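# Observations on the three-dimensional arrangement
Each chain, written out:
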There are 2 protein chains.
Amino acid sequence: MQNLPTYDDVVAAADRINGHAHKTPVLTSRTVNEDLQAEVFFKCENLQRMGAFKFRGAFNALSRFDAEQRKAGVVAFSSGNHAQAIALSAKLLGIPATIVMPHDAPAAKVAATKGYGGKVVIYDRYTQDREQIGRELAEKEGLTLIPPYDHPDVLAGQGTAAKELFEEVGPLDYLFVPLGGGGLLSGCALATRALAPDCKLYGVEPEAGNDGQRSFKSGSIVHIDTPKTIADGAQTQHLGEVTFPIIRRDVTDILTASDSELIDCMSFLASRMKIVVEPTGCLGLAAARQLKEQVQGKRVGVLISGGNIDMSRFAALLQS
Amino acid sequence: MQNLPTYDDVVAAADRINGHAHKTPVLTSRTVNEDLQAEVFFKCENLQRMGAFKFRGAFNALSRFDAEQRKAGVVAFSSGNHAQAIALSAKLLGIPATIVMPHDAPAAKVAATKGYGGKVVIYDRYTQDREQIGRELAEKEGLTLIPPYDHPDVLAGQGTAAKELFEEVGPLDYLFVPLGGGGLLSGCALATRALAPDCKLYGVEPEAGNDGQRSFKSGSIVHIDTPKTIADGAQTQHLGEVTFPIIRRDVTDILTASDSELIDCMSFLASRMKIVVEPTGCLGLAAARQLKEQVQGKRVGVLISGGNIDMSRFAALLQS
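Residues numbered from 1 in each chain as written. Chains lettered and ligands numbered in written order. Predicted model: local features only at pLDDT ≥ 70, side-chain atom pairs only at ≥ 80, totals over all residues. Heavy atoms only, no water.

## Some details on the sheet that holds strand β3 (residues 74-77) of chain A
All names here are of chain A. Filter applied, for reference: Pairing between strands is defined by DSSP: at least two bridges between them are needed. Helix and strand assignments come from DSSP, with helices taken as H or I runs of at least 4 residues and strands as E runs of at least 2, each series counted from the N terminus. Whether two residues are in contact is decided by their heavy atoms: any pair within 4.5 Å suffices. Working convention: axes come from line fits to C-alpha atoms, limited for helices to the stretch in contact. Angles between N-to-C directions cover 0 to 180 degrees.
One open sheet accounts for 4 strands, arranged β5-β4-β3-β6; its pairing is parallel. For this open sheet the edge positions go to β5 (119-123) and β6 (144-145), each flanked by a neighbour on one side alone. Note that β3 and β6 share 2 bridges and pair parallel. The residue bridging Val-74 from the neighbouring strand is Thr-144, located in β6. Seen against the sheet, helix α7 (residues 130-141) touches β3, β4 (97-102), β5 and β6 and runs at an angle of roughly 175° to β3.

## Quick notes on the pairing of strand β4 (residues 97-102) of chain B
Residues and elements named next belong to chain B. Defined as follows: A simple rule labels every residue: compare its accessible area, found with a 1.4 Å probe on the protein chains alone, to the largest value its type can have, and call it buried under 20%, exposed over 50%, or partly exposed in between. Think of it like this: strands point away, you trace from the first strand over the helix to the second, and a clockwise trace means the crossover is right-handed.
Counting buried positions over the 6 residues of β4 gives 6, a clear majority of the element. Here β4 shows no split at all, with Ala-97, Ile-99 and Met-101 on one side and Thr-98, Val-100 and Pro-102 on the other all buried. Across 4 bridges, strand β3 (residues 74-77) lies against β4 in parallel orientation. Following the sheet pairing, Ala-76 is matched in β4 by Ile-99. The parallel pair β3 and β4, bridged by helix α5 (residues 81-93), forms a crossover whose chirality is right-handed. Note on the crossover from β4 through helix α6 (residues 107-115) to strand β5 (residues 119-123): the handedness is right-handed.

## Some points on the pattern of salt bridges
Residues and elements named next belong to chain B. The following threshold applies: The working definition used for a salt bridge is a side-chain nitrogen of Lys or Arg within 4 Å of a carboxyl oxygen of Asp or Glu.
A complete count under the given rule lists 16 salt bridges over all chains for this structure. For Glu-164, the salt bridge is made with Arg-56, and the minimal N-O distance between the two is 2.8 Å. Of the two residues, Glu-164 is situated in helix α8 (residues 152-169) and Arg-56 in helix α3 (residues 54-63); the sequence distance between them amounts to 108 residues. Classification of Glu-164 by relative accessible area gives buried; the value is 12%. In this structure, Asp-153 engages Arg-64 in a salt bridge whose closest nitrogen and oxygen atoms are separated by 2.9 Å. Here Asp-153, found in helix α8, pairs with Arg-64, found in the loop between α3 and α4 (67-72); they are 89 residues apart in sequence, far enough to count as distant. By relative accessible area, which is 14% here, Asp-153 ends up buried.

## Notes on the environment of Gln48(B)
Residues and elements named next belong to chain B. With respect to the helices and strands, Gln-48 occurs in the loop between β2 (39-44) and α3. On a C-alpha basis, the gap between Gln-48 and Ala-161 in space is 9.9 Å, while along the polypeptide they are 113 residues apart. Setting aside residues no more than four positions away along its own chain, Gln-48 makes contact with Ala-21, His-22, Thr-24, Phe-53, Phe-55 and Arg-56.

## Overview of the sheet that holds strand β10 (residues 299-304) of chain A
Note on sheets: strands pair through backbone hydrogen bonds, and any given pair is parallel or antiparallel. Residues and elements named next belong to chain A. Here 6 strands make up an open sheet; going across it, the order is β1-β2-β10-β7-β8-β9 and the pairing mixed. Taken across any chain shown, the strands that pair with only one partner, and hence form the sheet edges, are β1 (26-27) and β9 (253-257). When strand β7 (residues 174-178) meets strand β8 (residues 200-206), the two strands line up parallel, connected through 5 bridges. Its bridge partner being in β8, Phe-176 is matched across the sheet by Tyr-202.

## A closer look at the packing of aromatic side chains
To be explicit about the condition: Working definition: a ring pair exists when centres of Phe, Tyr or Trp rings (six-membered ring for Trp) sit within 6.5 Å. Plane angles under 30 degrees give stacked, over 60 give edge-to-face, the rest tilted.
In the structure shown here, the tally under the stated rule is 9 aromatic pairs over all chains. For the pair Tyr174(A) and Tyr202(A), a centre-to-centre distance of 6.2 Å together with 10° between the ring planes defines the contact as stacked. Of this pair, Tyr174(A) sits in strand β7 while Tyr202(A) sits in strand β8, and the two are 28 residues apart along the sequence. For the pair shown, Tyr174(A) and Tyr202(A) are each scored as buried. Centre to centre, the rings of Phe314(A) and Phe314(B) are 6.5 Å apart; their planes meet at 90°, and the pair counts as edge-to-face. Of this pair, Phe314(A) sits in helix α15 (residues 311-318) while Phe314(B) is found in helix α15 (residues 311-318), placing the two residues in two different chains. By the ring-pair criterion, three or more aromatic residues cluster together here, those being Tyr174(A), Phe176(A) and Tyr202(A).

## Brief notes about helix α12 (residues 259-271) of chain B
Rules: Expected helix span is computed as 1.5 Å times (number of residues minus one).
If you check α12(B), its first and last C-alpha atoms are 18 Å apart, about what 13 residues at 1.5 Å a residue would give, namely 18 Å. Taken together, the buried positions of α12(B) are occupied by Leu262(B), Ile263(B), Cys265(B), Met266(B), Phe268(B), Leu269(B) and Ala270(B).

## So, the confidence of the model for chain A
The line we're drawing: As a per-residue measure, pLDDT reflects the predictor's confidence and takes values from 0 up to 100.
In this model, chain A carries an average pLDDT of 94, and 99% of its residues clear a pLDDT of 70 or more. On the interface metric, ipTM, the complex scores 0.91, and its pTM is 0.93.

## Remarks on the interface of chain B and chain A
This is how the line gets drawn: Two parts placed together each lose some accessible area; with a 1.4 Å probe, that loss summed over both constitutes the buried area. The term polar contact refers here to a pair of N or O atoms within 3.5 Å; inside protein, the definition further demands a hydrogen-donor-capable atom paired with an acceptor-capable atom, and it admits residues adjacent in sequence only when both atoms are side-chain atoms.
On the chain A side, the residues contacting the 26 residues of chain B number 26 residues. Approximately 2100 Å² of surface area, both sides summed, lies buried where chain B meets chain A, with 59% of it carried by carbon and sulfur atoms. When the buried surface of chain B facing chain A is broken down by residue, Arg30(B), Lys274(B) and Met311(B) rank first, second and third, together holding 31% of it. Here chain B and chain A share 8 residue pairs in polar contact (both at pLDDT 80 or more) between them. Counting only elements with at least two residues in the side of chain B that touches chain A, the list comes to α12 and α15 of chain B. If you tally residues by element for the side of chain B that touches chain A, the top one is α15(B), at 6 residues.

The following block contains the structure:
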């Protein structure tokens, strides 16, 4: 447990990303407040650059590269928001980026990554191991590998989202944060314990992949197969070696939400709050609704993690 | 031209709605800035209470009722955002509200209006005249009729949107505002001439209903049949007796946008900026894109008027 990042790292990250990441808006909805009989604050990372909180951690991590690392470049493997966050951050910092993506990654995501100037290396999801490819590239070409969540600088960057929320709205009684590999949750936990020590902090993961909940209960990291859920940002197989001990220490509990709850929330957020939120980003609201009785009369934060969803899929889910 | 409202009325309206209306966020997008080679600020009235700027004017108008008016109540005719804005404002101020709605109004809008405590009077769109019904109710029951745009207190309230925008981002070189009956545009014109006198101010209406453009050019109010356009918030037949002289005096020019341009903008705003905007709310961005060469290197404001659109229709338009 030694050498875990602390809130000081979140504060340092906030300085590094200042002027590069958006200070995202905090939205409120009288309808939600009336439904839950509570005062609810939505921290909208769907309105972050790239459409997700991932930019915070990626930019923070790359900002800490030394001259040699900057020259050699960064490598990341991801088919999702982390790839684009690394590619964009690298572009802004003048660092070459290589992104390892599966052969069946959506063309739009490959194009977006290339659009940020990233070099894309395609692998076969069924016959090749992306982590191995990433590590080989790192060794062979001297690249620095930045993983999507299990890295002190990445999670410290993600924690700036909760830091901004508390600084804008003051202390909260409850905070609900989506949980995949735990980068966002562990970073937000550091900020929560520093800025609102009495706040109940919940991680929320898809029902189909409750490895986080099981790990939290058992005290050791549980590995699962890739879960089948529409929350593609939380389809992780296990928590990280850095994220887990922070979560275990600082989080109140882990909750789960079903796909149908996520679709209900997605539709509500679009129709009533006029924002596009990807299924993973709806986990927090789904959990707040589950705890309706407890949160009554309280001040509640809901972290919306991102809004990156293909429009045809979004439209289809709205009509489902 | 005597007795037109002035910027002082906008300032007074801002005081009245303070604490009741949201100070809506101003969003920016690097993608838009790169596309237009300009610095663009989106004033997001889709994130206003009720999902549209209409709440500002309605609340301002009802706040000015005297004791007798408050007791007797308000009447409004509208199938859209104005009805809900009046019903909600009336509820908040403890004023009885009667809303005259067509027999084929969407059930959701009728339910929403009733949900705010408004009394709904249904009329037959094909055989009855809603203005006449509204006026008769007003006379018979002593109600005060608040029209959707052609009223000094209504337009002064709408102008607070532009006031907030200038106060948050400073002077602009261009401002693009959706145009239906002219309540929003004339109110914003008063704020613009007071706070950014050199700003070029454009009203933007649907191509299918360019009565505003023709009125602006000819100098007298042109009446048209209800235009066929997806921009249902701008399906007005003519500018108002109060809104037109202000528009004629203070606005730079009137532009138009086609339905297909609006769909493109709606899709862009959802997929890249993660916000739900109704077709009418896309008029400003469509016009800014048309003036791409002029706005290059400039500071540009785009007023997004609202986000009230049925989700099944929104989904269908995204897929079209």
